[in-house]
Amino acid sequence: MDIQTSSAVFWTCLKAVSIWLLSVLLAVPEAIFSQVVPMQGHRDTNVTFMNCVPYPMSNQMHPKIHSVMIFLVYFLVPLIIISVYYYHIARTLIRSAHDMPGEVSDHTKRQMETRKRLAKIVLVFVGLFALCWFPNHVLYMYRSFHYHQMDLSLAHLVITLLARVLSFSSSCVNPFALYLLSESFRRHFNSQLRCGQGPRPERQPSYLQSTSHIRLTSIKKTTPTAVMGAPAANGNPGRQEVAL
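Residues numbered from 1 in each chain as written. Predicted model: local features only at pLDDT ≥ 70, side-chain atom pairs only at ≥ 80, totals over all residues. Heavy atoms only, no water.

Engineer: Before we move on, can you summarise the overall build of the protein chain with the specific residues and values?
Structural biologist: Counting secondary structure elements, the protein chain contains 7 helices and 4 strands. When the helices and strands of the protein chain are placed in sequence order, the string is α-β-β-α-α-α-α-α-α-β-β. In the protein chain, buried positions account for 17% of the 244 residues. When contacts within the protein chain are restricted to residue pairs at least 6 apart in sequence, long-range pairs at least 24 apart make up 55% of them. When the accessible surface of the protein chain is split by element, carbon and sulfur atoms take 66% of a total near 18500 Å². (Helix = DSSP H or I, 4+ residues; strand = E, 2+ residues; numbered from the N terminus. Buried < 20%, exposed > 50% of the residue type's maximum accessible area, 1.4 Å probe, protein only. Contact = heavy atoms within 4.5 Å. Areas by Shrake-Rupley, 256 points an atom, 1.4 Å probe, with all protein chains shown as cover.)

See the structure below:
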């Protein structure tokens, strides 16, 4: 998003609304075809219960096709896309850290470490996405291919709870990862927790830090001038010092 344009807020809101509308449209088929049907438990039990299924039960292929499409559209394809793009981002950051021009100073070392840390963060985001959603999709595919008989064992219940918790946590796990991996994010987050109390961390431009102690000498003038409001000595041009 280009925040420099005058219509940045309008386009940002428009993109957000478009994403929500697209999400609603993708959920319409499940809202239409979902139905409550009686299901049997395991073969060794005679338990029958009511279950809500997001697909029509008229064809045995419906649940299988639905689970595979959900796995592809909601997990595998997005995972491939973000993996490719985040890999290129990480590779560019690492390569730029090794190819930084100039002498290796403390400031350059800090920039190199920052870029390497950013590369690790984007790769961790990919891993967290896969970790949070893979168990839930595998469980859903397992149920869809065995939808006539539900597993009522304790192990299946525990796995289901863990898979659901992981899938729900995917919406809030990135800030925790940033807090653990990014020193800058952690510092600003802690300052917000204190409700603005205490001094806020200030960020100085790097070019000011690197040139704050440079002094230029022996700048000859052809005419008498004043430096910082002070007249030249004896009105004659001479050697002057300028501090940056």
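After that view of the structure, there is still more to cover.
Engineer: Would you mind going over the layout of surface pockets in detail, with residue names and values included?
Structural biologist: Approximately 1100 Å³ is the volume attributed to the largest pocket. Every residue lining the largest pocket is counted, 34 residues in all, and those nearest its centre are Glu-30, Pro-54, His-66, Ile-70 and Tyr-140. Sorting the residues of the lining of the largest pocket by element identifies helix H1 (8-33), strand E2 (48-53), helix H2 (61-98), helix H3 (106-145) and helix H4 (154-169) as the ones contributing at least two each. Looking at the lining of the largest pocket residue by residue, the class counts come to 23 nonpolar, 8 polar and 3 charged. (1 Å grid on protein atoms, 1.4 Å probe; cavity = no way out; pocket = protein on both sides within 12 Å on 5 of 7 lines; lining within 4 Å. Points joined across faces, edges and corners; volume = space filled by probe spheres on them. Nonpolar A, V, L, I, M, F, W, Y, C, P; charged D, E, K, R; others polar.)

Engineer: Give a description of the UniProt feature "transmembrane region" (unreviewed entry) in the protein chain that names residues and reports values.
Structural biologist: Those places that UniProt annotates as "transmembrane region" (unreviewed entry) correspond, in this numbering, to residues 7-28, 65-87, 118-142 and 154-181. The span residues 65-87 shows a helical share of 100% and a strand share of 0%, and its end C-alpha atoms are spaced 31 Å apart. Annotated as 89% helix and 0% strand, the span residues 154-181 places its first and last C-alpha atoms 36 Å apart. (UniProt positions renumbered as here; feature names shortened; annotations may be inferred.)

Engineer: Summarise the side chain of Ser-144; cite the residues concerned and give the values.
Structural biologist: The residue Ser-144 is located in helix H3 in this model. Each residue touching Ser-144, except ones within four places of it in the same chain, is listed here: Tyr-55, Pro-63, Lys-64 and Ser-67.

Engineer: Residue-level account of the packing of aromatic side chains, with values.
Structural biologist: Applying the stated criterion to the full structure yields 6 aromatic pairs. Arranged with centres 5.8 Å apart and planes meeting at 40 degrees, the rings of Phe-75 and Phe-134 form a pair that is tilted. Placement of Phe-75 in helix H2 and of Phe-134 in helix H3 is noted, with a sequence separation of 59 residues between them. Taking the relative accessible area as the measure of exposure, Phe-75 reaches 3% and is therefore buried. When the centroid spacing of 5.5 Å and the interplanar angle of 80 degrees are considered together, the rings of Tyr-179 and Phe-189 count as edge-to-face. (Phe/Tyr/Trp six-rings, centres within 6.5 Å; stacked < 30°, edge-to-face > 60°.)

Engineer: Go over H4, please, and point to the residues and values.
Structural biologist: Because each turn of an α-helix spans 3.6 residues, side chains separated by three or four positions in sequence point in the same direction. Taking 1.5 Å of rise per residue, the 16 residues of H4 would be expected to cover 22 Å, and the 23 Å separating its terminal C-alpha atoms lies within 8% of that figure. Restricting attention to buried positions, one finds in H4 the residues His-156, Thr-160, Ala-163 and Ser-167. Mapping the buried residues of H4 onto a view down its axis gives an arc of 70 degrees, with all of them on the same face. Projecting away from the buried face of H4 at angles above 90 degrees are the exposed residues Leu-154, Leu-161, Leu-162, Val-165 and Phe-168. (Expected span 1.5 Å × (residues − 1). Arc of directions from axis to C-beta.)

Engineer: Give a description of the state of the cysteines that names residues and reports values.
Structural biologist: This structure, assessed with the given rule, holds 0 disulfides. Cysteine Cys-132 is unpaired, with the sulfur of Cys-172 as its nearest cysteine sulfur at 8.4 Å. (Disulfide = S-S within 2.5 Å.)

Engineer: So what's going on with the nonpolar core? Which residues, and what values?
Structural biologist: Counting 6 residues, the largest nonpolar core is built from Val-37, Met-39, Val-53, Tyr-55, Tyr-147 and Met-150. For Val-37, the contacting residues outside a window of four places in its chain are Phe-49, Met-50, Asn-51, Val-53 and Met-57. (Core = buried A, V, L, I, M, F, W, Y, C linked by side-chain atoms within 4.5 Å.)

Engineer: Tell me about the packing of helix H5 (residues 173-181) against helix H6 (residues 183-193), residues and numbers included.
Structural biologist: Relative to each other, H5 and H6 sit at 105 degrees, their axes nearing to 6 Å. As far as their axial angle goes, H6 and H5 are roughly perpendicular. In contact with Pro-175, Leu-178, Tyr-179, Leu-180 and Leu-181 of H5, H6 contributes Glu-183, Phe-185, Arg-186, Phe-189 and Asn-190. Looking at the contact of H5 with H6 residue by residue, the class counts come to 7 nonpolar, 1 polar and 2 charged. (Axes fitted to C-alpha atoms, helices over the stretch in contact; angles between N-to-C directions. Parallel < 35°, antiparallel > 145°, perpendicular 65-115°, else oblique.)

Engineer: Summarise the environment of Phe-168; cite the residues concerned and give the values.
Structural biologist: Secondary-structure assignment places Phe-168 in helix H4. Here the alpha-carbon distance between Phe-168 and Trp-133, two residues 35 residues apart in the chain, equals 8.8 Å.

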